[in-house]
Structures are given as structure tokens and as C-alpha cells.
Amino acid sequence: MPLIEARNLPRHVGIIMDGNGRWAERRREDRSAGHRAGSSSVRRIVRVSRRIGIEALTLYAFSFQNWARPGEEVDSLMALLHDYLLSERAEILEQGIRLAAVGELDSLPEPVRMLLDALCAASAHNSRMTLTLALSYGGQEEIACVARQFAREARAGTLDPEHIDAHLFASRLPSQRVGAPDLIIRTGGETRLSNFLLFGSAYAELFFSDRLWPEFSEADLFEAIASYQGRQRRFGQVVEY
Ligand code: FPP
């Protein structure tokens, strides 16, 4: 297991969980089997993140663009999400995890939305770790939505356009409620952000793993954190050597 320092942990970690489909194809199983295995990885990584003291974990579980996947795959992902919310409810509450969700949540099937809302509400006072599920989420769509709100407020005369700056955007973006991500991990070998946390990722450290999400282990998470801890964050400033 790679060694990590307890005092220099990324406060907020975002994960792009990629590679479920390829994992399943390699085993000659259908894609839904890959997502099912991916769901077990979610459990494993949520547990260890909480245990080591990560304050906020944001998981890219379903993108706005994922609705264009074959209906059968979308259905299986929604069913998995439903099962996850049911089966993890007790553990999330017992472990002091606050569940949150970002994205166009109105598009989710009603039963999923109901379970999600209920668990978000029931866990709202937990403070050990905030687990945010990005569902029907797109970073561009999220920014456009806030821009639309600003335009409406400016038209109504309640917002001076001169007051719109990066801080105001950050204060309005749902994905930024837990602050900007310090570390973004993407599994599955691709090296892009795919519309995840676009605003908040401005100064995030990026870690790309070749591991497919269903096989992403505690040790892989530790490797990503150890890599983060070896980096110097400058936020556009100069640091003296
Ligand atoms: C990308 O892999 C993954 C997704 C589109 C969905 C992620 C979903 C889960 C990990 C399981 C359900 C989530 C929860 C919170 C219970 P891909 O299908 O694009 O893989 P590929 O690139 O190998 O085809």
C-alpha cells in the first residue's frame, strides 16, 4: 500500500469512474455487469475515503450526456443507483456521511429521485464526509444554468452585472458547495475531464489511472493521494525555491 501523510490530504476529491464497459467486455459480460461491479467499487472507495478523513468526495455517476446511451444501459444504471440508495442508506447514516447530489436531478426516474431526496434530507446534519453524486451532471450545463440565473436577476434589476465575478459564480454553483476539488482522479486510461466539475477544476491536481473503475482499489486511491502529496500547488503564483 503506498504511504500517505495524514496531514496533507486533499480536502475534496472528485472521481471520474470510467472503464466499467471495458471491464465487462474483457470478461465477455454485458455492460450492465460492468456497472454492477463499478457499484461495488463505489462502496469500497466511499468507505476508505471516509476512514482516512477525506472531507468531500464527488463521484461522476451519470453525465448529462449519458442519457444518449442505449435505453437498456440507462435503465440498468438507474436501477443500480436505486439499489445503491436503498442498500447503502443505513451505512451512510451510521457512518456520519452527508449525501448530496448535483446535476439535472428532475430528469431522474421518480423512484430514484424520491430515494435520493429522502437520503439527502436524512443525512443533511452528518458531517464526517460529504458524498456528492453527480447525476445527469454536466459542467458546461451547470455553468450555463447559473449564467441564466444571473441574466434573469440582471433583467429584474436585482443584480448589477458588474458584480458578476468568479467568486459569485463559485457561490452559486451547486458542485462548489463543498469547495473546489483539490484532486480529480480519472480511471480507465483516458486523460480528459469529460465535462466534470469544469469550474472547480481550475486548480485541481489531476491523476489519471489506467485501472478500470471496477478494479480500482484502496491501494490505487492511496497511490493517487501520494502523487497529490508530492506536488507543489501554486495557484498561479510564484513560489521561492
Ligand atoms: C463510465 O464507464 C461509467 C459510467 C457511465 C457510470 C458510472 C456508474 C457506476 C460506477 C455505478 C453506479 C453508481 C453508483 C453511485 C451506484 P463506461 O461505461 O463509459 O466504461 P467504458 O469507457 O469502458 O465503456
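Structural data are supplied above this passage.
Here the structure is a predicted model, which is why all the values come from computation and not from measurement. (Residues numbered from 1 in each chain as written. Predicted model: local features only at pLDDT ≥ 70, side-chain atom pairs only at ≥ 80, totals over all residues. Heavy atoms only, no water.)

**Describing the pairing of strand β1 (residues 12-16)**
Among the 5 residues of β1, 5 are classified as buried, and the element is accordingly described as predominantly covered. Two elements, β1 and strand β2 (residues 56-63), share 5 bridges in a ladder whose sense is parallel. Counterpart to Gly14 in the pairing with β2 is Thr58. As paired elements, β1 and strand β5 (residues 183-186) share 4 bridges and run parallel to each other. In the sheet register, Ile15 faces β5, and the bridge partner there is Ile185. (Buried < 20%, exposed > 50% of the residue type's maximum accessible area, 1.4 Å probe, protein only. Helix = DSSP H or I, 4+ residues; strand = E, 2+ residues; numbered from the N terminus. Pairing = 2+ DSSP bridges.)

**Topic: empty space enclosed by the protein**
Throughout the structure, instances matching the rule amount to 2 cavities of 30 Å³ or more. The calculated volume of the largest cavity comes to roughly 60 Å³. For the largest cavity, the full set of lining residues is Arg43, Val46, Arg47, Tyr84, Glu88, Glu91, Ile92 and Ile97. Those elements giving two or more residues to the lining of the largest cavity turn out to be α2 (31-52) and α4 (89-94). Top contributing element to the lining of the largest cavity by residue count: α2, with 3 residues. Of the residues in the lining of the largest cavity, the class split is 4 nonpolar, no polar and 4 charged. Each pocket or cavity is described by its volume, and for the second largest cavity that value is around 30 Å³. Lining the second largest cavity are Leu85, Leu86, Arg89, Leu115, Ala118 and Leu119. (1 Å grid on protein atoms, 1.4 Å probe; cavity = no way out; pocket = protein on both sides within 12 Å on 5 of 7 lines; lining within 4 Å. Points joined across faces, edges and corners; volume = space filled by probe spheres on them. Nonpolar A, V, L, I, M, F, W, Y, C, P; charged D, E, K, R; others polar.)

**Comments concerning the site of the ligand**
Neighbouring the ligand are 16 residues; Asp18, Gly21, Arg22, Arg31 and Arg69 lie closest to it. A distance of 3.3 Å separates an oxygen atom of the ligand from a polar atom in the backbone of Gly19. Interatomic distance of 3.2 Å between a backbone N/O atom of Asn20 and an oxygen atom of the ligand. Here the ligand loses 92% of its free accessible area of 630 Å² to cover by the protein chains. Of all the cavities here, the one that holds the ligand is the largest pocket. For the shell around the ligand, the element with the most residues is α2, which contributes 4 residues. (Near = heavy atom within 4 Å. Polar contact = N/O pair within 3.5 Å; in protein donor to acceptor, adjacent residues only side chain to side chain. Areas by Shrake-Rupley, 256 points an atom, 1.4 Å probe, with all protein chains shown as cover. Sits in = over half its atoms within 2 Å of the grid points.)

**Focus on the side chain of Arg186**
You can see Arg186 is positioned in strand β5. Looking at Arg186, the relative accessible area reads 5%, which means it is buried. If near-sequence neighbours (up to four positions away) are discounted, Arg186 is found in contact with Ile16, Asp18, Arg192, Leu193, Ser194, Phe207, Phe208 and Ser209. (Contact = heavy atoms within 4.5 Å.)

**A few points about the packing of α2 against helix α8 (residues 218-229)**
It is the contact of α2 with α8, at a shortest axis distance of 10 Å, that shows an interaxial angle of 50 degrees. Taken together, the axes of α2 and α8 lie oblique to each other. Both α2 and α8 take part in a crossing whose hand is right-handed. Contacts between α2 and α8 involve Arg44, Ile45, Val48, Ser49 and Ile52 from the former and Glu218, Leu221, Phe222 and Ile225 from the latter. Residues that form the contact of α2 with α8 fall into these classes: 6 nonpolar, 1 polar and 2 charged. (Axes fitted to C-alpha atoms, helices over the stretch in contact; angles between N-to-C directions. Parallel < 35°, antiparallel > 145°, perpendicular 65-115°, else oblique. Left-handed = near helix turned anticlockwise from the far one by under 90°.)

**Things to note about the environment of Ala56**
Examined against the element boundaries, Ala56 turns out to sit in strand β2. With 75 residues separating them in the primary sequence, Ala56 and Leu131 have C-alpha atoms 6.0 Å apart. When near neighbours in sequence (up to four residues on either side) are disregarded, Ala56 contacts Arg11, His12, Val13, Met129, Thr130 and Val178.

**Some points on the layout of surface pockets**
Reported here for the largest pocket is a volume of approximately 690 Å³. Along its surface, the largest pocket is lined by 32 residues, and Met17, Asn20, Tyr60, Ala61 and Asn66 are the ones closest to its centre. Sorting the residues of the lining of the largest pocket by element identifies α1 (20-26), α2, β2, α3 (71-87) and β4 (129-137) as the ones contributing at least two each. In the lining of the largest pocket, the residues fall into 14 nonpolar, 11 polar and 7 charged. Of the volumes computed, that of the second largest pocket is approximately 290 Å³. As for the second largest pocket, its lining consists of 20 residues, of which Val102, Gly103, Glu104, Glu142 and Pro174 are closest to the centre. When residues in the lining of the second largest pocket are grouped by element, the largest group, 5 residues, is from helix α6 (residues 139-156). Within the lining of the second largest pocket, the residues separate by chemical class into 10 nonpolar, 4 polar and 6 charged.

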